[in-house]
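# Tertiary structure, described
Each chain, letter by letter, is given below.
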Amino acid sequence: MESPIRATRILGFIFFSLLFFVCRSAPSHNLLISNAERRIDLTSHIVKVYLTLKVENAGSTPTSEILLAFPPTQVDHLATVEALVTKGKRKKTTLVRLDVKPTELPDVPNGNKYFTIYLANPLSSGESTTLEVLYMFTHSLEPFPAEIGQSESQLVYYRDSALILSPYHIKQQTTFIKTPSTKVESFTRVEPTNRAGTEMKYGPYEDHPPYSFSPILIHFENNSPFPVVEELVREIEISHWGNLQVTEQYTLVHGGARHKGVFSRVDYQSRPTLSGASSLRQLLARLPPRVHSVYYRDEIGNISSSHLRMDSRKSELEIEPRYPLFGGWKATFVIGYGLPLQDFLFESSDDRRYLNFTFGCPLLETVVDKLTVKVVLPEGSKDPSAVVPFPVEQHLEAKYSYLDVVGRTVVVIEKKNLVPAHNSHFQVYYTFKPIFMLAEPLMLASAFFLFFVACVAYLHIDLSIRK
Amino acid sequence: MASAAKAISSPVPNEWYPTLAVVMLSVGLVVAASFFIYEATCTKRNRCIVKELITSGVASLFLGFGSLFLLLSAGVYV
């Protein structure tokens, strides 16, 4: 009688210890978020979320990693995640950027995806720190109704959760949502909810366990145009004779509610506020200063509806497509410009040259679905390598251009789902011996010399048949 | 990094390109003209191949550089 009881006791003990270990392998729960404030900006078609987290280390060991969780539907549209921490006292606060990397974790509930924020100084037990996290979503506003006429206003759905999804216990949290206008058709109420003008407040909610989720749906009016560049190919050609030529090929589409019915030009021009309120009329491109030879053309030819304003710090190119873009309408065009070489090409400390240029679309407030940047290095360049501040795909190609014998090396960099926040600088390093620049004039000189030698040979050779 | 890095620019200042193109092409054409005049006036016996090659070499050098600067001043940055 004793042995079965002992066997069950041992089994029970083993089972209990296994359960204990399984619980331990889940994400660490020794961090606690004492206060979380989230501000969601829905004024443009890029959803910007500013999250202020006050994280407290309630465990016994110091940690320097904080996890951020995103539901699987949102993570596909996530364009950028940035984390900053304030340093210093009152008047001298500086924001220090922190590394944020996507992480894979085993056994996650509901297929959530995680990002880890690496703190500069580890957070010891009992201490708390305030983090500012900024992340942006693209294609997250769903137009409803999906098709609208010319004089109708554009209404969109925004789906999110009133409670912030987090692997940690949150003591107090509030969410503020800002809409572009006061016209909100409907919104989910998760008490306490308040709405004042263009701002909605969800919260404050107290003491919610990790991974708590409360879906909300907001149906509101957003008449901002939704410019989406489906594909952008940027070619940057470096010439050591003093010029940088940039050629950009755009495929632009209006990503909002699709247009149905007729387009009446009379209505559109006579009543601009009522008709085509969400149409795309013009775009602004911010270019570097001292730009020259700017052109804006498409397959038909030059498009003259553009303005270039130059400044000492920047140049602004305002372009209007040939026709206003309504939902679902596309436009393709090419923008090209030249820049002085000394603003962008530098010599690095280890005798290599590098190009320092902006990565990303110069158009303001546009989402780029697929960007390809091609940097064409001059003939005779060796060992090309690119340094980009975010994960990209790279490969090399060859291009044959003016006076080329062996071909020019092209560094091709590709990235998907970009927002204007990706307009930071990237560098392309390569080695080049200055003596190779003489190859081009000497090639031309030898061509002329060949012609003169042919003349001399013709005059010296006796071609007469009779002596 | 960028503040201390040295900017790289062309070995010849960009403003000189049109002037250099005109000067070099005119010198090159003058030398080429002297080459053709020599060929036309000299008789077969008095021809000196060394002189011909030197004249054509100098002419081709000036014409080569001149046409390069012509291309650069026109905006074709080769």
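Residue positions within a chain follow its written sequence, with the count starting from 1. Chains and ligands are labelled sequentially in the order written, the chains with letters from A and the ligands with numbers from 1. In view of the model being predicted, local features appear only for residues whose pLDDT reaches at least 70, and side-chain atom pairs are presented and counted only at 80 or more, with totals across whole chains, interfaces and linings using the full set of residues. Note: side-chain values were computed over all heavy atoms of the structure, leaving out hydrogens and water.

## Describing the overall build of chain B
Note the cut-off: Numbering goes from the N terminus for both helices and strands, where a helix is a DSSP run of H or I of at least four residues and a strand is a run of E of at least two. Radius of gyration: C-alpha atoms only; globule rule: 2.2 Å multiplied by the number of residues to the exponent 0.38. For every residue, the accessible area obtained with a 1.4 Å probe (protein chains only) is divided by the maximum for its type, and the residue is called buried under 20%, exposed over 50%, and partly exposed between those limits. Here a residue-residue contact requires only that any non-hydrogen atoms of the pair lie within 4.5 Å. Shrake-Rupley sampling with a 1.4 Å probe provides the accessible areas, and residues are treated as covered by the protein chains on show and by no other component.
Looking only at helices and strands, chain B has two helices and one strand in total. Starting at the N terminus and ending at the C terminus, chain B contains elements arranged as β-α-α. Here the C-alpha radius of gyration of chain B, 18 Å, is well above what a compact globule of 78 residues would show, namely 12 Å. With respect to the three principal axes, the spread of C-alpha positions in chain B is 70 × 20 × 15 Å. Counting over 78 residues, chain B shows a buried share of 40%. Contacts in chain B between residues at least 24 apart in sequence constitute 65% of all its contacts with a sequence separation of at least 6. Working note: accessible area of chain B is about 4,500 Å², and carbon and sulfur atoms make up 72% of it.

## Observations concerning the layout of surface pockets
Residue and element names in this part refer to chain A. Selection criterion: In this analysis, the protein atoms alone were mapped onto a 1 Å grid. Cavities are point sets where a 1.4 Å probe fits without being able to get out; pockets are open sets with protein on both sides within 12 Å along at least five of seven lines; lining residues have an atom within 4 Å of a point. Grid points are joined across faces, edges and corners, and a volume is the space filled by probe spheres set on the points. Residues are grouped as follows: nonpolar covers Ala, Val, Leu, Ile, Met, Phe, Trp, Tyr, Cys and Pro; charged covers Asp, Glu, Lys and Arg; every other residue, Gly included, is treated as polar.
By volume, the largest pocket amounts to about 1,000 Å³. For the lining of the largest pocket, the element with the highest residue contribution is strand S5 (residues 94-103), accounting for seven residues. Looking at the lining of the largest pocket residue by residue, the class counts come to 15 nonpolar, five polar and 12 charged. Put simply, the second largest pocket is a space of about 430 Å³. As for the second largest pocket, its lining consists of 24 residues, and the residues nearest its centre are Leu287, Pro288, Phe344, Thr358 and His425.

## Digging into the interface of chain A and chain B
Inclusion rule: As used here, buried area is the combined drop in accessible area, with a 1.4 Å probe, of two parts when they are placed together. The term polar contact refers here to a pair of N or O atoms within 3.5 Å; inside protein, the definition further demands a hydrogen-donor-capable atom paired with an acceptor-capable atom, and it admits residues adjacent in sequence only when both atoms are side-chain atoms. The pairing criterion is simple: DSSP has to find at least two bridges between the two strands.
Taken together, the contact pairs 33 residues of chain A with 34 residues of chain B. Summed over both partners, the interface of chain A with chain B buries about 3,000 Å², with 74% contributed by carbon and sulfur atoms. For the pair chain A and chain B, the interface holds six residue pairs in polar contact (both at pLDDT 80 or more). Contributions of two or more residues to the side of chain A that touches chain B are made by strand S16 (227-239), strand S24 (345-347), strand S25 (353-358), strand S30 (425-431) and helix H4 (439-460) of chain A. At 13 residues, H4 of chain A tops the list of elements feeding residues into the side of chain A that touches chain B. Considered class by class, the residues forming the side of chain A that touches chain B number 21 nonpolar, seven polar and five charged. Summarising the sheet, S24 of chain A and strand S1 (residues 6-7) of chain B pair through two bridges and their orientation is antiparallel. Each residue of the ladder has a partner; that of Phe346 of chain A, found in S1 of chain B, is Ala7 of chain B.

## Remarks on empty space enclosed by the protein
Residue and element names in this part refer to chain A. In the structure shown here, the tally under the stated rule is three cavities of 30 Å³ or more. What lines the largest cavity is a set of 22 residues, and nearest its centre among them are Leu51, Ala69, Tyr135, Ile164 and Leu165. Those elements that provide at least two residues to the lining of the largest cavity are strand S1 (31-41), strand S2 (47-57), strand S3 (63-70), strand S7 (128-137) and strand S10 (155-161). Top element by residues in the lining of the largest cavity is S3. It accounts for five residues. A class-by-class count of the residues in the lining of the largest cavity yields 17 nonpolar, three polar and two charged. Estimated volume of the second largest cavity: approximately 60 Å³. Residues that form the lining of the second largest cavity fall into these classes: four nonpolar, eight polar and two charged.

## Overview of a nonpolar patch on the surface
Heads up, the condition is: The patches described consist of residues with a relative accessible area above 30% and no salt bridge, like charges being joined within 9 Å and nonpolar side chains (Val, Leu, Ile, Met, Phe, Trp, Tyr) within 5 Å. When a carboxyl oxygen of Asp or Glu lies within 4 Å of a side-chain nitrogen of Lys or Arg, that pair is called a salt bridge.
Residues Val453 of chain A together with Ile49, Val50, Leu53, Ile54 and Val58 of chain B make up a contiguous nonpolar surface patch of about 470 Å² in total accessible area. If you trace the backbone, Val58 of chain B turns up in helix H2 (residues 49-73). The class of Val58 of chain B is partly exposed, set by a relative accessible area of 35%.

## Some words on the packing of aromatic side chains
Residue and element names in this part refer to chain A. We apply this condition: Pairing of aromatic rings covers Phe, Tyr and Trp, the last counted by its six-membered ring, and requires centre-to-centre distances within 6.5 Å; plane angles under 30 degrees mean stacked, over 60 mean edge-to-face, and any other angle means tilted.
Taken as a whole and judged by the stated rule, the model has 25 aromatic pairs over all chains. Consider the rings of Phe359 and Phe426, whose centres lie 5.5 Å apart with planes at 85°: the pair is edge-to-face. A residue pair is termed long-range when its members are at least 10 positions apart, and Phe359 in the loop between S25 and strand S26 (367-376) and Phe426 in strand S30 qualify at 67 residues. Taking relative accessible area as the criterion, Phe359 reaches 0% and is therefore assigned buried. When its relative accessible area of 0% is taken as the criterion, Phe426 is described as buried. Plain terms: the ring middles of Phe432 and Phe436 are 6.4 Å apart, the flat faces sit at 50° to each other, and that makes the pair tilted. Taking the relative accessible area as the measure of exposure, Phe436 reaches 36% and is therefore partly exposed. A network of ring pairs unites the aromatic residues Phe263, Tyr268, Tyr323, Phe326 and Trp329 as a single cluster.

## A word on the sheet that holds strand S23 (residues 330-340) of chain A
All names here are of chain A. Spelled out, the test is: Axes here mean lines fitted to C-alpha atoms, for a helix over just the part in contact, with angles spanning 0 to 180 degrees between N-to-C directions.
Strand order in the open sheet formed by seven strands is S20-S23-S17-S16-S26-S29-S28, and the pairing between neighbours is mixed. Two strands lie at the open edges of the sheet, namely strand S20 (292-297) and strand S28 (393-399), each paired on one side alone. Each adjacent strand pair in this sheet contributes to an overall mean axis angle of 15°, direction not counted. Summarising the sheet, S26 and strand S29 (residues 408-418) pair through eight bridges and their orientation is antiparallel. Residue pairing for S29: Val368 is matched across the bridge by Leu418.

## Quick look at unusual backbone geometry
All names here are of chain A. Note the cis peptide between Phe144 and Pro145, where omega equals 10°. Here Pro145 lies in the loop between strand S8 (141-143) and strand S9 (147-148). Residue Ser293 is not a glycine yet carries a positive backbone phi of 50°. Here Ser293 shows up in strand S20.

## Brief notes about helix H1 (residues 17-41) of chain B
Formally: Expected helix span is taken as 1.5 Å per residue step, with the number of steps being one fewer than the number of residues.
For H1 of chain B, with 25 residues, the first-to-last C-alpha span of 36 Å sits near the 36 Å given by 1.5 Å per residue. For H1 of chain B, the secondary structure elements touched by its buried residues are H4 of chain A together with H2 of chain B.

## As for the packing of H1 of chain B against H2 of chain B
Residues and elements named next belong to chain B. Cut-off, in case you're wondering: Angular relationships are summarised with four words: roughly parallel below 35 degrees, roughly antiparallel beyond 145, roughly perpendicular across 65 to 115, and oblique for the angles in between. The handedness criterion is simple: a crossing whose near helix is rotated anticlockwise from the far helix by less than a right angle is left-handed, and one whose near helix is rotated clockwise is right-handed.
Close contact between H1 and H2 brings their axes to 7 Å; oriented N to C, the two are set at 155°. It follows from the interaxial angle that H1 and H2 lie roughly antiparallel. For H1 against H2, the interelement crossing comes out left-handed. Residue composition of the contact of H1 with H2, by class: 20 nonpolar, seven polar and three charged.

Read these as layout, nothing more, since geometry by itself doesn't imply function.
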